[in-house]
There are 2 protein chains.
Amino acid sequence: MEIHIENVGEYLKNSGIKPSYQRIRIFQYLVENRNHPTVDMIYKALCAEIPTLSKTTVYNTLNLFIEKKIVNVIVIEENETRYDSVMDVHGHFKCEKCGKIFDIDIDNEHLKDNRLKEFEIKEQHYYFKGICKDCANK
Amino acid sequence: MEIHIENVGEYLKNSGIKPSYQRIRIFQYLVENRNHPTVDMIYKALCAEIPTLSKTTVYNTLNLFIEKKIVNVIVIEENETRYDSVMDVHGHFKCEKCGKIFDIDIDNEHLKDNRLKEFEIKEQHYYFKGICKDCANK
DNA sequence: GTATCTGCAAAACATTTGCAATTCT
DNA sequence: AGAATTGCAAATGTTTTGCAGATAC
């Protein structure tokens, strides 16, 4: 689940997205901070460098990224939409104490052996919740 | 993933919930219609029989059910919270065309063989999206 | 110079909260 | 009567939309 993008502008262009300054910075944020951020986290982080940035643009941009399939939505929690630039199939674990979200490798071959054969699957989401190692040792 | 509840009132009482008329009808709806409904679906369906019902009560009741662990939340989709009275671990497949949600048996033993061992898991959610058999044949 | 992109303000929703009225025992 | 429950109206929070001004090619 690793991606290495030297040139974000090129990457966006190849995905059919005009690489505006805001779009580049938002995508760069997702790639550099693999923190599965909310819109608010992205907005607050980038506001420092782009004082004119609006939340509308963050929403518009993320929706464009999703449409062009370079960003995934994570809805592990009600009323907390998060975004992920890693497009490989993987799972997410959210710690109930610290709130951090961890990436989980999923061996999903075994899951295919059930009723799922009847469906044409386009998306797979694996979410787990509990207590992470660090919080358990406190 | 089958539950058979003859007496909803008793079931609620045993779960530490006072079985008011509204609570019984809402839980009954969930058990009888395994359609993973939204708040709005429950509200509209029950309004016919309980004209004075308010959405606040549906929200309050579902939150109580979740707290008492007799109902699960399904957040397969952004801005579309759904509810399920089946508490066994299982997955959900949502058809992008007809919008229907199907229950999926999950053999999750194989998933345990990865980084998940590091976490104390309390909840597991398996969501899939795509096209169901019926919609594929149209 | 024309298309597109951005960002403000308002609208649209979903959910929660405060509180008064109702219900149940 | 007393405690819990219900339901209205208002508040909150998130995401979308309309549109005017800014930007890019």
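Reading the values: rules and limits
- Residues numbered from 1 in each chain as written.
- Chains lettered and ligands numbered in written order.
- Predicted model: local features only at pLDDT ≥ 70, side-chain atom pairs only at ≥ 80, totals over all residues.
- Heavy atoms only, no water.
- Phe/Tyr/Trp six-rings, centres within 6.5 Å; stacked < 30°, edge-to-face > 60°.
- Helix = DSSP H or I, 4+ residues; strand = E, 2+ residues; numbered from the N terminus.
- Buried < 20%, exposed > 50% of the residue type's maximum accessible area, 1.4 Å probe, protein only.
- Least-squares fit on C-alpha atoms with pLDDT ≥ 70 in both.
- Contact = heavy atoms within 4.5 Å.
- Near = heavy atom within 4 Å.
- Polar contact = N/O pair within 3.5 Å; in protein donor to acceptor, adjacent residues only side chain to side chain.
- Nonpolar A, V, L, I, M, F, W, Y, C, P; charged D, E, K, R; others polar.
- Domains from an automatic or database assignment.
- Buried area = accessible area lost by both parts, 1.4 Å probe.
- Salt bridge = Lys/Arg side-chain N within 4 Å of Asp/Glu carboxyl O.

## Thoughts on the packing of aromatic side chains
Thinking step 1. In total, this model carries 14 aromatic pairs over all chains according to the counting rule given.
Thinking step 2. Aromatic side chains A:Tyr11 and A:Phe27 sit 5.3 Å apart centroid to centroid with 20 degrees between the ring planes, which places their arrangement in the stacked category. Of this pair, A:Tyr11 sits in helix H1 (residues 8-14) while A:Phe27 sits in helix H2 (residues 21-32), and the two are 16 residues apart along the sequence.
Thinking step 3. With relative accessibility at 27%, the residue A:Tyr11 sits in the partly exposed group.
Thinking step 4. Look at B:Phe93 and B:Phe102: their rings are 6.2 Å apart centre to centre, the planes differ by 55 degrees, and that puts the pair in the tilted class.
Thinking step 5. Ring pairs connect the aromatic residues A:Tyr126, A:Phe128, B:Tyr126 and B:Phe128, which therefore count as one cluster.

## Examining the relation of the copies chain A and chain B
Thinking step 1. Mapping chain A onto chain B leaves a residual RMSD of 0.1 Å; the transformation is a rotation of 179 degrees accompanied by 0.0 Å of translation along its axis. Taken together, the rotation and translation relating the two chain copies correspond to the operation of a two-fold axis. Nearest to the rotation axis, the C-alpha of A:Tyr126 is located 2.4 Å from it, this being the minimum over chain A.
Thinking step 2. By residue overlap, the copies meet face to face through one surface: 100% of the interface positions of chain A are interface positions in chain B.

## Details of the protein's contact with DNA strand D
Thinking step 1. The full set close to DNA strand D counts 13 residues, and A:Tyr59, B:Ser20, B:Arg23, B:Ser54 and B:Thr57 are the nearest of them.
Thinking step 2. Among atoms of DNA strand D positioned within 4 Å of the protein, sugar and phosphate together represent 78%.
Thinking step 3. The contact in question runs from a phosphate oxygen of DNA strand D to an N or O atom on the side chain of A:Tyr59, over 2.4 Å.
Thinking step 4. Mapped onto the surface near DNA strand D, the elements with two or more residues apiece are helix H4 (55-67) of chain A together with helix H2 (21-32) and helix H4 (55-67) of chain B.
Thinking step 5. Among the residues forming the surface near DNA strand D, the class breakdown is 2 nonpolar, 9 polar and 2 charged.

## Regarding the domain arrangement of chain A
Residues and elements named next belong to chain A.
Thinking step 1. Splitting chain A by domain gives domain 1 (8-84) and domain 2 (91-136).
Thinking step 2. The C-alpha centroid of domain 2 is placed 23 Å from the C-alpha centroid of domain 1.
Thinking step 3. At the junction of the two partners, domain 1 supplies 9 residues and domain 2 supplies 10 residues.
Thinking step 4. Between domain 1 and domain 2, the buried area comes to about 840 Å², and carbon and sulfur atoms account for 55% of it.
Thinking step 5. Of all residues in domain 1, the largest losses of buried area upon contact with domain 2 belong to His36, Ile76 and Glu77, amounting jointly to 58% of the total for that side.
Thinking step 6. Two residues, Lys94 and Glu80, come together in a salt bridge whose shortest N-O distance is 3.0 Å.

## Examining the side chain of B:His90
Residue and element names in this part refer to chain B.
Thinking step 1. Inspection of the secondary structure puts His90 in the loop between strand S2 (80-84) and strand S3 (91-95).
Thinking step 2. Since its relative accessible area comes to 6%, His90 is described here as buried.
Thinking step 3. Of note is the side chain of His90, whose polar atom sits 3.1 Å from the side chain of Asp84.
Thinking step 4. At 3.1 Å, the side chain of His90 and the side chain of Asp103 are in polar contact.

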